[in-house]
Each structure stands twice: as C-alpha cells, then as structure tokens.
Amino acid sequence: DLLNHMLKAIDHSEFKNKMERLFHAVIIDEFQDTDPIQWEIFRRLFLETNHPLTHLYLVGDPKQSIYAFRQADIYTYLSAAQL
C-alpha cells in the first residue's frame with residue numbers, strides 16, 4: 001500500500017517538485033530486488049524530472065535476486081541497465 005500511495009503522490013506537482021529539489025544524487029542499493037512499482041517511483045522522481053540528478057547509481061547483482069515472492073523482477077533490473 002505504501003508504494004501505491006507514493007506512486008499517487010508523485011502525481012501532485014508540489015510534492016514531486018519538492019522531492020526532486022531535495023536530491024542531487026541517488027544510490028539504489030540491492031537494485032536486483034526492485035519491483036516494477038518501486039522502479040516506476042524512482043524513474044518518475046529522478047529521471048523524468050525538471051531537476052535532473054547529478055548522479056544516479058543502481059547497485060545490484062541479478063544473480064542475488066531473492067525477492068521474487070514480493071514481485072521483485074529481474075526484468076526491471078535488465079531494463080534499467082539499458083538506460
């Protein structure tokens with residue numbers, strides 16, 4: 001539920017702009033266990049923005065993905081790696 005609420009919150013420009021201005025660099029550790037909703041949040045906040053990040057680091061090893069039971073998706077990892 002928290003992820004879905006966050007995804008909806010990004011639709012509010014005041015909230016999204018505040019979040020965008022707070023961060024100049026982001027590190028997402030254990031990215032191999034990121035699910036599609038989490039990636040959508042990160043993508044919309046830090047890649048599709050009027051305040052581009054200086055640095056975005058995605059740290060992970062697809063061979064160590066262990067959270068498929070909660071929709072972590074190796075294809076999310078592979079898709080992000082193409083950016």
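All values reported here derive from a predicted model rather than from experimental measurement.

What counts as what
- Residues numbered from 1 in each chain as written.
- Predicted model: local features only at pLDDT ≥ 70, side-chain atom pairs only at ≥ 80, totals over all residues.
- Heavy atoms only, no water.
- Helix = DSSP H or I, 4+ residues; strand = E, 2+ residues; numbered from the N terminus.
- Buried < 20%, exposed > 50% of the residue type's maximum accessible area, 1.4 Å probe, protein only.
- Contact = heavy atoms within 4.5 Å.
- Areas by Shrake-Rupley, 256 points an atom, 1.4 Å probe, with all protein chains shown as cover.
- Phe/Tyr/Trp six-rings, centres within 6.5 Å; stacked < 30°, edge-to-face > 60°.
- Patch = residues over 30% accessible without salt bridge, like charges linked within 9 Å, V, L, I, M, F, W, Y side chains within 5 Å.
- Salt bridge = Lys/Arg side-chain N within 4 Å of Asp/Glu carboxyl O.
- Polar contact = N/O pair within 3.5 Å; in protein donor to acceptor, adjacent residues only side chain to side chain.

A.B. asks: Any details on the overall build of the protein chain? Residues and values, ideally.
C.D. replies: Helix and strand content of the protein chain: four helices and two strands. Counting from the amino terminus, the protein chain carries its helices and strands in the arrangement α-α-β-α-β-α. With 83 residues in all, the protein chain has 30% of them scored as buried. Within the protein chain, contacts between residues at least 6 apart in sequence are counted, and of these 82% link residues at least 24 apart. For the protein chain, the exposed surface amounts to about 5900 Å²; the carbon and sulfur share of it is 56%.

A.B. asks: Now, about the packing of aromatic side chains: what can you tell me, with residues and values included?
C.D. replies: Going through the model one piece at a time under the given rule, you end up with two aromatic pairs. Relative to phenylalanine 46, the ring of phenylalanine 23 lies with its centre 5.7 Å away and its plane at 85°, an arrangement referred to as edge-to-face. Of this pair, phenylalanine 23 sits in the loop between α2 (13-22) and β1 (25-28) while phenylalanine 46 sits in helix α3 (residues 36-46), and the two are 23 residues apart along the sequence. Residue phenylalanine 23 is classed as partly exposed on the basis of its relative accessible area of 33%.

A.B. asks: Mind laying out a nonpolar patch on the surface, listing which residues take part and the relevant values?
C.D. replies: On the surface, a nonpolar cluster with roughly 310 Å² of combined accessible area is contributed by Ile27, Tyr57 and Val59. Position of tyrosine 57 among the secondary structure elements: in strand β2 (residues 55-58). Using a relative accessible area of 45% as the deciding quantity, one classes tyrosine 57 as partly exposed.

A.B. asks: Please provide a residue-by-residue account of the side chain of glutamate 20, values included.
C.D. replies: Following the sequence through the fold, glutamate 20 ends up in helix α2. Residue classification places glutamate 20 among the buried residues on the basis of a relative accessible area of 3%. One polar contact links glutamate 20 to lysine 16, side chain to side chain, over a distance of 2.5 Å. In this structure, glutamate 20 is in contact with Arg44, Leu45, Glu48, Thr49, Asn50 and His51, ignoring residues within four places of it in sequence.

These results come straight from atomic positions and should not be treated as a statement about function.
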